[in-house]
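So the chains spell out like this:
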Amino acid sequence: MKELKTDALWIHLHWLTVLAEQGSFTRAAERLEVSKAAMSQKIKQLEEMAGVALVQRTTRSVRLTSAGEKLVEDLRAPFSQIAQSFFSVRDSSGPLRGMVRVTAPVAFARQQLVPHITGFLRQHPQVRVQLEVSDRLISLSSEGFDLAIRHSNNLPETHVALPLCETRALLVASPAYLAEYGEPGTPQDLHQHQCLYYPRGVELPCWTFARHEAASEQVTVSVSGPFATNNSESIRDAALDGLGIAMLPDFSARAALENGGLREVLPQWRTVGAFADKLYIVRPYAAQVPRAVTEFSHWLRAAFQRDS
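**Student:** So what exactly am I meant to see when it comes to the pairing of strand E15 (residues 278-284) here?
**Tutor:** Successive residues of a regular strand alternate their side chains across the two faces of the sheet. With five of seven residues buried, E15 lies mostly within the body of the structure. Two elements, strand E5 (residues 147-150) and E15, share three bridges in a ladder whose sense is antiparallel. Bridged to Ala 148 within E15 is Val 282. Relative to E15, strand E6 (residues 159-166) runs antiparallel, the two being bridged by seven bridges.

**Student:** Honestly, the sheet that holds strand E13 (residues 263-264) in this entry has me stumped. Any pointers?
**Tutor:** Neighbouring strands of a sheet are bound in pairs by backbone hydrogen bonds; such pairs are parallel or else antiparallel. Taking strand neighbours across the sheet as the criterion, the five strands line up as E11-E8-E12-E7-E13 in an open arrangement whose pairing is mixed. Of all the strands in the sheet, the pair left with one neighbour each is strand E11 (227-228) and E13. When strand E8 (residues 195-197) meets strand E12 (residues 245-249), the two strands line up parallel, connected through two bridges. Counterpart to Cys 195 in the pairing with E12 is Ile 245. Across the sheet, helix H9 (residues 250-258) touches strand E7 (169-173), E12 and E13, and the angle it forms with E12 is around 115 degrees.

**Student:** What exactly am I supposed to notice about the confidence of the model for the protein here?
**Tutor:** Low pLDDT means the predicted atomic positions in that stretch should not be read closely. Taken over all residues, the pLDDT of the protein has a mean of 87, while the share at 70 or more is 93%. Looking across the protein, the model is least confident in helix H6 (residues 140-143), with a mean pLDDT of 77, and most confident in helix H7 (residues 175-181), with 97.

**Student:** Would you explain the layout of surface pockets in this entry?
**Tutor:** Its boundaries defined by the atoms lining it, the second largest pocket holds a volume of some 900 Å³. Around the second largest pocket, the lining is made up of 36 residues, and of these His 151, Ser 152, Ala 274, Phe 275 and Ala 276 lie nearest the centre. Looking at the lining of the second largest pocket, the elements with two or more residues in it are strand E3 (98-104), E5 and strand E14 (269-271). With three residues, the top contributor of residues to the lining of the second largest pocket is E5.

**Student:** Explain the sheet that holds E3 here, please?
**Tutor:** Ordered in space as E4-E3-E5-E15-E6, the five strands form an open sheet in which the pairing is mixed. This sheet does not close on itself; its edge strands, each paired only once, are strand E4 (127-133) and E6. Neighbouring strand axes in the sheet, compared pairwise and without regard to direction, differ in orientation by 20 degrees on average. For E3 and E4, the ladder comprises seven bridges, and the chain directions are parallel. Bridge pairing in E4 places Ala 104 opposite Val 133. Across the face of the sheet, helix H10 (residues 291-307) comes into contact with E3, E4, E5, E6 and E15 while running at roughly 25 degrees to E6.

**Student:** Would you mind showing me how to read the side chain of His 193 here?
**Tutor:** Structurally, His 193 is set in the loop between H7 and E8. Of the residues examined, His 193 reaches a relative accessible area of 8% and is grouped as buried. Within polar-contact distance, the side chain of His 193 engages the side chain of Tyr 177 at 2.9 Å. Ignoring sequence-local partners within four residues, the contact set of His 193 consists of Tyr 177, Tyr 181, Gly 182, Pro 184, Ser 224 and Ile 245.

**Student:** Mind showing me how you'd approach the pattern of salt bridges here?
**Tutor:** A side chain of one charge can pair with a side chain of the opposite charge if their charged atoms are brought near each other. Enumeration according to the criterion identifies seven salt bridges in this entry. A salt bridge links Glu 33 to Arg 128, with the nearest nitrogen and oxygen atoms 3.7 Å apart. Remark: Arg 128 occurs in strand E4 and Glu 33 occurs in the loop between helix H2 (25-32) and helix H3 (36-50); sequence separation between them is 95 residues. The class of Glu 33 is exposed, set by a relative accessible area of 53%. Close ionic contact of Arg 263 with Glu 183 constitutes a salt bridge, the shortest N to O distance being 2.7 Å. With Arg 263 in strand E13 and Glu 183 in the loop between H7 and E8, this residue pair connects regions lying 80 residues apart in the sequence. A relative accessible area of 37% means that Arg 263 is categorised as partly exposed.

**Student:** Whenever I open this one, the nonpolar core confuses me. Can you help?
**Tutor:** Note that soluble globular proteins tend to have their nonpolar side chains buried in a common cluster. In this structure, Leu 171, Leu 190, Trp 207, Phe 209 and Met 247 are the most contacted members of the largest nonpolar core, which totals 32 residues. Elements with a minimum of two residues in this core: E7, H7, E8, strand E9 (206-211), strand E10 (214-222), helix H8 (232-240), E12 and H9. Ignoring anything within four residues of it in the chain, the contact list for Met 247 reads Ala 169, Leu 170, Leu 171, Leu 196, Tyr 198, Trp 207, Phe 209, Thr 271, Ala 274 and Phe 275. Val 100, Ile 149, Phe 251 and Val 293 belong to the second largest nonpolar core, which has 24 residues in total.

Definitions and cut-offs
Residues numbered from 1 in each chain as written. Predicted model: local features only at pLDDT ≥ 70, side-chain atom pairs only at ≥ 80, totals over all residues. Heavy atoms only, no water. Buried < 20%, exposed > 50% of the residue type's maximum accessible area, 1.4 Å probe, protein only. Helix = DSSP H or I, 4+ residues; strand = E, 2+ residues; numbered from the N terminus. Pairing = 2+ DSSP bridges. Contact = heavy atoms within 4.5 Å. Axes fitted to C-alpha atoms, helices over the stretch in contact; angles between N-to-C directions. pLDDT = per-residue confidence, 0-100. 1 Å grid on protein atoms, 1.4 Å probe; cavity = no way out; pocket = protein on both sides within 12 Å on 5 of 7 lines; lining within 4 Å. Points joined across faces, edges and corners; volume = space filled by probe spheres on them. Polar contact = N/O pair within 3.5 Å; in protein donor to acceptor, adjacent residues only side chain to side chain. Salt bridge = Lys/Arg side-chain N within 4 Å of Asp/Glu carboxyl O. Core = buried A, V, L, I, M, F, W, Y, C linked by side-chain atoms within 4.5 Å.

Okay, structure coming up:
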């Protein structure tokens, strides 16, 4: 029997763990920055050397066999330790370098986050930032992200959450809409207005308000209107076109308020429970975090504190 050279297996084994993490050859190849064909060939070679099937392939996805699952489970801790040791040595001196993969909500990323990312990259030219903008809650560990910006009060206990900045929801409308339909004086007046809102399942939309000077005095009103969507930029654009009164996070409405495209409605009232009151930087817990990830987090927090 031909002697098995284990030193030829390290790449194959590492790629198998990435395949298990990503759940598809396409995503694993993207994560490793190799071709899908190269990814498939490496796994095939590993199976030939092992003499047993490690992966079950279908047209849509892949799953590990019991042998593959055991192998990946045995490899997880040593590969993690190798990576941590390498990053610790590499990051201990010299210029900041490495890849930081980030996911963030669409509107916040486009309007507030990207300008700060460009400033960070100018100062640290050997760092790369890969940003995915999405309003869905992405699993950081399974999809290979280092950080997420989350606009939520329900944060996973298995992750580290750092406050980034405070935020609040505003009621806004275009000057043209208010000129045609009038401006509400109380929350109850919203019954007579077209309202643009986030859908919350099959429930009828309701907005809750409290007076700034009397937080205990709350009013909940049912609202209706011609347009609902789960993207704040789309709601903002509909409000700019005069379609109705919209409830938006302040970061989505800020530019339009500053240039006069939108006006705040019911400024003496604050919204309650519509959106989270903070944005957070969230990352999976790890005993050792790459220096680029840590420095990027610190940069963002300092930048948004200066803006507040």
